Amino acid sequence: MAEKIKEITASDYQKEVLDKDVAVVDFYSTECPPCEALAPKFEGLSELYGDDVPFVKVFRQGNRGLAESLDVTGSPTVLFYHKGTLVGDRLTGGIRRADLMKNLAMLIPEERAAKIQASVKPVVTETDVVILGGGPAGLTAGIYLAQAHIDVVLVDTALPGGYVSTTHLVSNYPGFIEPQNGYLLSHMISEQAKVNGVRFRPAVDVESIDLQNKTVIVDGHETIKAKKIIIATGSRPRPLGIPGEKEHRGSGISYCATCDAKYYQDKDVVVIGGGNSAVEESLFISRFARRITVVHQFDKLQANRQAQETAFANDAIDFLFEHEPRQFTKYGTMDMGVEVEDLTTGKRHELRANGVFVFVGFVPNLDDFAASLERDQWGYLKTDEEMRTSVEGVYAIGDVRTKSYRQITTAVSDGTIAAIAISREL
Ligand SMILES: Cc1cc2nc3c(=O)[nH]c(=O)nc-3n(C[C@H](O)[C@H](O)[C@H](O)COP(=O)(O)OP(=O)(O)OC[C@H]3O[C@@H](n4cnc5c(N)ncnc54)[C@H](O)[C@@H]3O)c2cc1C
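Residues numbered from 1 in each chain as written. Predicted model: local features only at pLDDT ≥ 70, side-chain atom pairs only at ≥ 80, totals over all residues.

1. Comments concerning the overall build of the chain
Broken down by element type, the chain carries twelve helices and 26 strands. Relative to its length of 426 residues, the chain is compact, with a C-alpha radius of gyration of 24 Å against a globular reference of 22 Å. When the backbone C-alpha atoms are referred to their principal axes, the chain occupies close to 70 × 55 × 45 Å. Counting over 426 residues, the chain shows a buried share of 39%. Looking at the chain alone, contacts between residues at least 24 apart form 64% of all its contacts between residues at least 6 apart. (Helix = DSSP H or I, 4+ residues; strand = E, 2+ residues; numbered from the N terminus. Rg over C-alpha atoms; globule rule 2.2 N^0.38 Å. Buried ≥ 20, exposed ≤ 12 C-beta atoms within 10 Å, placed from the backbone. Contact = placed C-beta atoms within 7 Å.)

Shown next, in the form of structure tokens:
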């Protein structure tokens, strides 16, 4: 452990944290990927701020009583103290360096914080390949490249794992007889990449991506220079773009059943969409919710036949065909209104429910950095059969590229192909 970090137990908490002017505490656990992702950031920042702020670590499993008394229910959790009182943000999960720095700066005088910020030394990391995105596509490419003794840095704005880590059960990934917990499956792929030597930069802020010069700047101070770039940034749920959606996203409107269905035990929800995601996720939500109304613009579902049959046989699920949502209104906690239009008559009426789930497709995670790359009409990246994009040395794999079927197996396949193609070129 770094010199300026003190590992303590509950009995020292008063002396080492509460009695100090200021302090920062990291409650960590073992076998905890986000804790591992945080450790180097915490260490690095202790070098910068350690003379001004005591840096403390507490092993959560070994100090359960203390953790519970502070309402620390997940690892890692980072707490900031000023004169024994909690201040700033309570950081958990995939913790960003920028958020740590923002909260640390609040503990010390402004001038001192500015001086420390100015003293941050830029770092240049040279590598063969930088992979943007650590879902199944990026991780697989990393495993293949590392096994071919090609140096790889994998950058992710969140924790590696991608969509699989939020998928409840994965039943179609070969090699497992029983359905696998998505989080565990992604964890195993991620660990495999790590064991093979892929260097991770998890939960970072990606400040700039220069595809021509194969340079990526993360967390404001690290420049990663590579010979090739692989884009594996996946896709995200497509918003409907109607009034009330942005305002109530995360507080009444959700895009992830695995994440949020559990909050709707014995409640009523509206699901927007009629494809595979909408129908399969409705089936999952029906384990919790009392009633689900699926609102779909067409007169029949677009999901696969088996999912349709199961959904039609489920008494908790109703269907409102040939209707489109026009507006969301929040009337109170867990009280949402969905104004829908009958596409055959043009008449509108309002559905009331405790929550809304939207499953109307996806858009690629590309923001501005891919402007120079050739894309299809939906914005996905065009590649050749070996995953090369229109810019020399830049590859695209997984859900972010043009393809007919977006699955874990197809993402893994893309990663394999790109890695083999690159290892032959380097
Ligand atoms: C709810 C749901 C259930 C699913 N169930 C199944 C299933 O049962 N079986 C199946 O085969 N498939 C399933 N899929 C599809 C499957 O999850 C995807 O096809 C697969 O995850 C795609 O992998 P990927 O690596 O391309 O992208 P992702 O898994 O989306 O990973 C992309 C990664 O890139 C990171 N990222 C984003 N932007 C940036 C950036 N600018 N810089 C750096 N990193 C970035 C993200 O944080 C993420 O970690 C499901 C999808 C969803 C949404």
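2. Section: the sheet that holds strand S17 (residues 253–254)
An order of S17-S24-S18-S19-S20 is seen for the five strands of this open sheet, with the pairing classed as parallel. Only two strands of the sheet have a single neighbouring strand rather than two, namely S17 and strand S20 (317–321). Examined bridge by bridge, S17 and strand S24 (residues 355–358) share two bridges and lie parallel to one another. Across the sheet, residue Ile253 finds its bridge partner in S24, namely Val356. (Pairing = 2+ DSSP bridges.)

3. A word on the site of the ligand
Taken together, the neighbourhood of the ligand is formed by 30 residues, with Gly133, Gly135, Gly162, Gly234 and Gly398 sitting nearest. Classifying every residue of the shell around the ligand gives 13 nonpolar, 14 polar and three charged. (Near = placed C-beta within 6 Å. Nonpolar A, V, L, I, M, F, W, Y, C, P; charged D, E, K, R; others polar.)

4. Topic: helix H10 (residues 276–285)
Inspection of H10 places Ser277, Ala278, Val279, Glu281, Ser282 and Ile285 among the buried residues, and these make up the whole buried set. Lining the buried residues of H10 we find helix H9 (257–260), strand S18 (268–272), strand S19 (291–296), helix H11 (305–312), S20 and S24.

5. Side note on the packing of helix H2 (residues 33–49) against helix H4 (residues 97–107)
Across the interface, H2 lies against H4 with an axial gap of 11 Å and an inter-helix angle of 35°. Helix-helix and strand crossings are classified by hand; for H2 and H4 the assignment is right-handed. Touching Lys41, Leu45 and Tyr49 of H2 are Arg97, Leu100, Met101 and Leu104, all from H4. Here the residues of the contact of H2 with H4 sort into five nonpolar, no polar and two charged. (Axes fitted to C-alpha atoms, helices over the stretch in contact; angles between N-to-C directions. Left-handed = near helix turned anticlockwise from the far one by under 90°.)

6. Describing the domain arrangement of the chain
Partitioning the chain into domains gives domain 1 (5–118), domain 2 (124–236 + 362–425) and domain 3 (245–358). For domain 2 and domain 3, the distance between their C-alpha centres works out to 32 Å. (Domains from an automatic or database assignment.)

7. Overview of the sheet that holds strand S21 (residues 323–332)
Note: strands within a sheet are paired through backbone hydrogen bonds, in either parallel or antiparallel orientation. Taken in spatial order, the three strands make up an open sheet running S21-S22-S23, and their pairing is antiparallel. Lying at the two open borders of the sheet, with one neighbouring strand each, are S21 and strand S23 (348–353). Across the sheet, the mean angle from the axis of one strand to that of its neighbour is 25°, orientation sign disregarded. The pairing of strand S22 (residues 335–342) with S23 spans six bridges and is classified as antiparallel. Its bridge partner lying in S23, Glu341 is registered against Arg348.

8. Quick notes on the pairing of strand S4 (residues 77–82)
The side chains of a regular strand alternate, first on one face of the sheet and then on the other. Buried residues dominate S4, accounting for five of its six residues. Note: strand S2 (residues 22–28) against S4, six bridges, orientation antiparallel. Across the sheet, residue Phe27 finds its bridge partner in S4, namely Thr77. Pairing geometry for S4 and strand S5 (residues 85–92), over five bridges, is antiparallel. In the strand pairing of S5, Phe80 is matched with Val87.

9. Section: the nonpolar core
Within the largest apolar cluster, 78 residues are counted, with the highest numbers of intra-cluster contacts made by Val130, Ile131, Ala141, Ile230, Ile231 and Ile397. Ranked by residue count, the leading element in this core is helix H6 (residues 136–147), at seven residues. A domain split of this core shows at least three residues from each of domain 1 (5–118) and domain 2 (124–236 + 362–425). In this structure, Val295, Ala303, Ala353 and Phe359 belong to the second largest nonpolar core, which totals 30 residues. (Core = buried A, V, L, I, M, F, W, Y, C linked by C-beta atoms within 7 Å.)

10. Observations regarding the environment of Phe80
In this structure, Phe80 sits in strand S4. Owing to 21 C-beta atoms within 10 Å, Phe80 belongs among the buried residues under this scheme.

11. A closer look at the environment of Ala257
Tracing the backbone shows Ala257 in helix H9. Between the C-alpha atom of Ala257 and that of Tyr81, which follows or precedes it by 176 residues, the distance is 36 Å.

12. As for unusual backbone geometry
Each neighbour pair has its own omega, and for Ser75 with Pro76 the value is -5°, a cis peptide bond. On the secondary structure map, Pro76 appears in the loop between helix H3 (64–69) and S4. A positive phi is found at Asp266, a non-glycine position, where the angle reads about 60°. Here Asp266 lies in the loop between H9 and S18.

13. A short note on the packing of H6 against helix H7 (residues 182–195)
At a minimum axis distance of 9 Å, the contact between H6 and H7 shows a crossing angle of 30°. In terms of orientation, H6 lies roughly parallel with respect to H7. For H6 against H7, the interelement crossing comes out left-handed. Only Ile189, Ser190, Gln192 and Ala193 of H7 make contact with H6, whose side of the interface consists of Pro136, Leu139, Gly142 and Ile143. Partitioned by chemical class, the residues of the contact of H6 with H7 number five nonpolar, three polar and no charged. (Parallel < 35°, antiparallel > 145°, perpendicular 65-115°, else oblique.)

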